[in-house]
Amino acid sequence: MISLQQVSKTFKDRGGSFNAVQSVSLEVGTGEIHGIIGASGAGKSTLLRMINVLERPDQGKVFVGDKELTALATRQLRKARHSIGMIFQQYNLVLNRTVSRNISMAMELAGVPKPERLARIDECLRFVGLEDKANQYPSQLSGGQMQRVAIARALANSPQVLLCDEPTSALDPQTTADILEVLRHVNQTYGVTILIVTHDMNVVKRICSRVSVMEQGKIVRTAAVADGEGLDDA
Ligand SMILES: Nc1ncnc2c1ncn2[C@@H]1O[C@H](COP(=O)(O)OP(=O)(O)OP(=O)(O)O)[C@@H](O)[C@H]1O
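Residues numbered from 1 in each chain as written. Predicted model: local features only at pLDDT ≥ 70, side-chain atom pairs only at ≥ 80, totals over all residues.

Draft legend 1. Fine view of the site of the ligand. Within the structure, the ligand sits among Phe11, Phe18, Ala20, Gly38, Ser40, Gly41, Ala42, Gly43, Lys44, Ser45, Thr46 and His199. Elements that contribute at least two residues to the shell around the ligand include exactly β2 (16–28) and α1 (44–51). The dominant element in the shell around the ligand, judged by the number of residues it contributes, is α1, at three residues. Residue composition of the shell around the ligand, by class: four nonpolar, seven polar and one charged. (Near = placed C-beta within 6 Å. Helix = DSSP H or I, 4+ residues; strand = E, 2+ residues; numbered from the N terminus. Nonpolar A, V, L, I, M, F, W, Y, C, P; charged D, E, K, R; others polar.)

What follows is the structure in C-alpha cells.
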C-alpha cells in the first residue's frame with residue numbers, strides 16, 4: 001500500500017545543512033498497522049510527512065496504492081491526498097469552528113455535496129463515540145475527545161491510509177489506551193492502513209503489527225512486533 005524508495009530530505013539554513021532522512025526505503029502492506037519509533041530528532045515526523053508529500057523528498061520515490069505521489073502535479077497530488085488521512089499530537093482542529101464544521105471542512109475541500117457531508121459527519125461522529133458533541137467547539141472538549149474529532153475528520157473522505165504523528169503523546173495512559181482502541185477499530189472496520197510515529201514502545205506493543213526503528217535519519221531495523229524482542233532498547 002505504501003512504498004518508500006530511497007527517500008531523502010535535507011534541511012538547509014544559513015548555518016549549513018542537516019540530513020533529516022537519509023535514503024530510507026520501506027514497504028507497508030495493505031491493512032497493516034506499522035509503527036515508526038525512535039528518539040527525538042531521528043527524522044520520524046519528516047519521514048511521515050513525506051508519505052503524503054507535505055514534505056517533498058529531495059530524492060527518492062513515494063508510492064501510495066498504485067500512484068507515485070512524487071510524480072504528480074500539484075492538482076493531482078491534492079486529489080490523491082484525499083485518500084490519505086492524518087492526525088497530529090496537538091490535534092490541529094480549527095478552534096473557531098464547531099466539531100461538525102471541522103469534520104465537514106475536509107469534505108468541502110474534496111467537493112462532497114452538502115447532503116452527503118451531513119450524513120457522513122453523523123456517521124463519523126458515531127464511529128468515534130461523539131455524536132452528542134456535534135455543535136460544541138474544540139475548547140469545550142478534553143484532549144481525548146479532540147483527538148477523536150481529529151480521527152473523525154481524517155475518516156470523512158474514506159481514506160485508504162491514516163498517518164498518525166505522535167497521536168497519544170499529549171494524553172494520559174487511560175486516554176492513550178482508548179485512542180489506540182479507536183485506531184484499531186478504524187483498521188479493522190474499514191481496512192485502513194495505519195502508520196504511527198511514536199517514541200513510546202508501549203504504543204507499538206499495544207497496536208502495531210510491525211515496527212521500524214529510526215536512528216539519525218535512517219531505518220536501522222524493521223521487525224514484526226510479535227517477535228520484537230530486543231526492541232525495548234530502541
Ligand atoms: N522544516 C525544517 N527546517 C529545518 N530543520 C528541520 C525541519 N523539520 C525538521 N527539521 C530537523 O530535522 C530533524 C528531524 O526532525 P523530525 O521532526 O523529523 O524528527 P522526529 O524524529 O520526528 O523528532 P521529534 O520526536 O522530536 O518530533 C530535527 O533535527 C529537526 O530539527
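There is more to say after this.
Draft legend 2. Looking closely at the sheet that holds strand β7 (residues 161–165). Sheet architecture is open: six strands sit in the order β6-β7-β8-β3-β9-β10, paired in mixed fashion. Every interior strand has two partners, whereas the edge strands, β6 (84–88) and β10 (218–224), have only one. Ignoring which end each strand starts from, the neighbouring axes of this sheet average 15° apart. Of the pairings in the sheet, the one linking β6 to β7 comprises five bridges and is parallel in character. Residue pairing across strands places Ile84 opposite Val161, the latter belonging to β7. Lying over the sheet, α1 contacts β3 (33–38), β7, β8 (193–198) and β9 (210–215), oriented at roughly 155° with respect to β8. (Pairing = 2+ DSSP bridges. Axes fitted to C-alpha atoms, helices over the stretch in contact; angles between N-to-C directions. Contact = placed C-beta atoms within 7 Å.)

Draft legend 3. Broad picture of the packing of helix α3 (residues 99–109) against helix α4 (residues 114–127). Where α3 contacts α4, the two axes come as close as 10 Å, and the packing angle between them is 125°. The orientation of α3 relative to α4 falls into the category oblique. In terms of crossing hand, the pair formed by α3 and α4 is right-handed. Taking contact as the criterion, the partners of Ser100, Ile103, Ser104 and Met107 in α3 are, on α4, Arg117, Arg120, Ile121 and Cys124. (Parallel < 35°, antiparallel > 145°, perpendicular 65-115°, else oblique. Left-handed = near helix turned anticlockwise from the far one by under 90°.)

Draft legend 4. View of the sheet that holds strand β1 (residues 2–13). Strands sit in the order β2-β1-β4-β5 across an open sheet of four strands; the sheet is antiparallel. A single partner strand is all that each edge strand has here, and the edge strands are β2 and β5 (67–68). Relative to strand β4 (residues 59–64), β1 runs antiparallel, the two sharing five bridges. Among the inter-strand pairings, Ile2 is bridged to a residue of β4, identified as Val64. Along the sheet face, α1 touches β1, β2 and β4 and points at about 60° away from the line of β2.

Everything listed here is a matter of geometry and, on its own, says nothing about what the molecule does.
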